[in-house]
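# Residue-level structural notes
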Amino acid sequence: MESAELIWTEKYRPRTLDEVVGQKENIERLKAYVKSRNMPHMLFAGPPGVGKTTATLALCRDLFGERYRESLLELNASDERGIDVVREKIKDYARTMSLAEVPFKIIFLDEADALTPDAQNALRRTMELYATTTRFILSCNYSSKVIAPIQSRCAVFRFRGLEEKEVEQMLEHIAKKEKLHLTAEGTKAICYVSEGDMRRAINALQGAAAISSKITEEAVFKASSRAKPEEIEKMVKHAIAGEFTKAREALDKLMVEYGMSGEDIMLQVYKEVTGLDIDDYKKVLMIDRIGEYNFRLSEGANERIQLEAMLAQLMLLGDGLGQGSKKG
């Protein structure tokens, strides 16, 4: 059964390269490959939710038509990451001839940076041996984790985070199809929550739509378990003004009412501190402290203690700064 949070994501996934939102330069290069009916091995690198898998599936549809599944082997390397998968599953598929008009098949390895070093070394030889019958598309978040010999065999595509206008374009399209009333504040909230990740944006929209057909700022933050930026800003300003008790009360509200995790709060605090209109030296010290407490959380330290300790550090560093104001 398809997971609930992916229903809209799959439903509105672009079917052709012309429908893909954003990544204009990359899409133009892929269209040139479709036109020539030929392509090299490719490496798609970039943050999650920016169109790497979508671009691959759209490319395959444009190349092979509606029966593209017969010429595409899609694997998630984070699940099947050992050398045996490369030696058996991938090699067996790569050595067979294509039955389509296009003289090659495509193997798509998602999250290729999760492959073990041994698997990557076995893969590079397979890519070389069967290049006439099979092309590889490797997708990863961190290209530095893919060994240099594989990178040298691929045309590298760098995918960037999506801009707000590109996310808004897709949200408006979905809202129109689903007969939702998407308010300007709701759209802005989804863009804030998604941070350039289209998958996260669509999931936030779907979550808010489950509450009401009118997509408001409040519904988005409630469905996403994220705090409004002004609430985080208020907590930070209380801390740097020396009002520790008020900052602690604001933290209580975030953890109890929104059910936010420590790392989520830490990330939003970091975003607010970088935007404060305060002395750069003080800002650098605050970011250094936030990084330290974020590391402690990742190592398994108690969330509540570390968050309060972080607020205490902000208070000590911000003593005498007053309320401060965000850059406008």
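Residues numbered from 1 in each chain as written. Predicted model: local features only at pLDDT ≥ 70, side-chain atom pairs only at ≥ 80, totals over all residues. Heavy atoms only, no water.

Evaluation of the coordinates by the stated rule reveals 5 aromatic pairs. For the pair F64 and F104, a centre-to-centre distance of 6.4 Å together with 75 degrees between the ring planes defines the contact as edge-to-face. Of this pair, F64 sits in helix 3 (residues 52-64) while F104 sits in the loop between helix 4 (83-94) and strand 3 (105-110), and the two are 40 residues apart along the sequence. Where Y192 meets F221, the ring centres are 6.1 Å apart and the plane angle is 70 degrees; that geometry is what we call edge-to-face. In this pair, Y192 is assigned in helix 8 (residues 184-194) and F221 in helix 10 (residues 217-224), connecting sequence segments 29 residues apart. Taken as a pair, Y192 and F221 share a single burial class, namely buried. Ring pairing ties together the aromatic residues Y33, F44, F157 and F159, which thus form one cluster. Residue placement shows R135 over the ring face of F104; its charged tip is 4.4 Å from the ring centre. When the ring centre of Y192 is taken as reference, the NZ or CZ atom of K271 above it lies at 4.0 Å. (Phe/Tyr/Trp six-rings, centres within 6.5 Å; stacked < 30°, edge-to-face > 60°. Helix = DSSP H or I, 4+ residues; strand = E, 2+ residues; numbered from the N terminus. Buried < 20%, exposed > 50% of the residue type's maximum accessible area, 1.4 Å probe, protein only. Lys NZ or Arg CZ within 6 Å of the ring centre and 35° of its normal.)

In the contact formed by helix 12 (residues 244-257) and helix 15 (residues 303-318), the axes pass within 10 Å of each other and the chain directions differ by 145 degrees. The handedness of the crossing between helix 12 and helix 15 comes out as right-handed. For the pair helix 12 and helix 15, contact is made by F244, A247, R248, L251, D252 and M255 and by E303, R304, L307, E308, L311, A312 and M315, respectively. Its residues placed into classes, the contact of helix 12 with helix 15 shows 8 nonpolar, no polar and 5 charged. (Axes fitted to C-alpha atoms, helices over the stretch in contact; angles between N-to-C directions. Left-handed = near helix turned anticlockwise from the far one by under 90°. Contact = heavy atoms within 4.5 Å. Nonpolar A, V, L, I, M, F, W, Y, C, P; charged D, E, K, R; others polar.)

Let us look at the environment of Q313. One can find Q313 in helix 15. C-alpha separation for the pair Q313 and E10, spaced 303 residues apart in sequence, amounts to 44 Å. Dropping the residues within four chain positions of it, Q313 is found in contact with R289 and Y293.

A residue is classified by how much of its surface remains accessible, and F64, at 13% relative accessible area, is buried. Once residues lying within four places of it in the same chain are set aside, the contact partners of F64 are S71, A100, V102, F104 and I106.

So, on to the layout of surface pockets. Approximately 610 Å³ is the volume found for the largest pocket. If you trace the largest pocket, you find 28 residues lining it, with T9, R13, T53, T54 and R199 closest to the centre. Where the lining of the largest pocket is concerned, the elements lending two or more residues are helix 1 (7-11), helix 3, strand 4 (134-140) and helix 9 (198-211). The element contributing the most residues to the lining of the largest pocket is helix 3, with 4 residues. (1 Å grid on protein atoms, 1.4 Å probe; cavity = no way out; pocket = protein on both sides within 12 Å on 5 of 7 lines; lining within 4 Å. Points joined across faces, edges and corners; volume = space filled by probe spheres on them.)

All chains considered together, the criterion is met by 20 salt bridges. Across the salt bridge formed by E166 and R160, the nearest N and O atoms sit 2.9 Å from each other. We note a salt bridge from K253 to E231, for which the minimum N-O separation is 3.2 Å. Highlighted residues: K253 in helix 12 and E231 in helix 11 (residues 229-240), separated in sequence by 22 residues. Among the residues examined, K253 registers a relative accessible area of 38% and is labelled partly exposed. The exposure class of E231 is buried, given its relative accessible area of 14%. Several salt bridges converge on common partners, so that one network encompasses R248, D252, R304 and E308. (Salt bridge = Lys/Arg side-chain N within 4 Å of Asp/Glu carboxyl O.)

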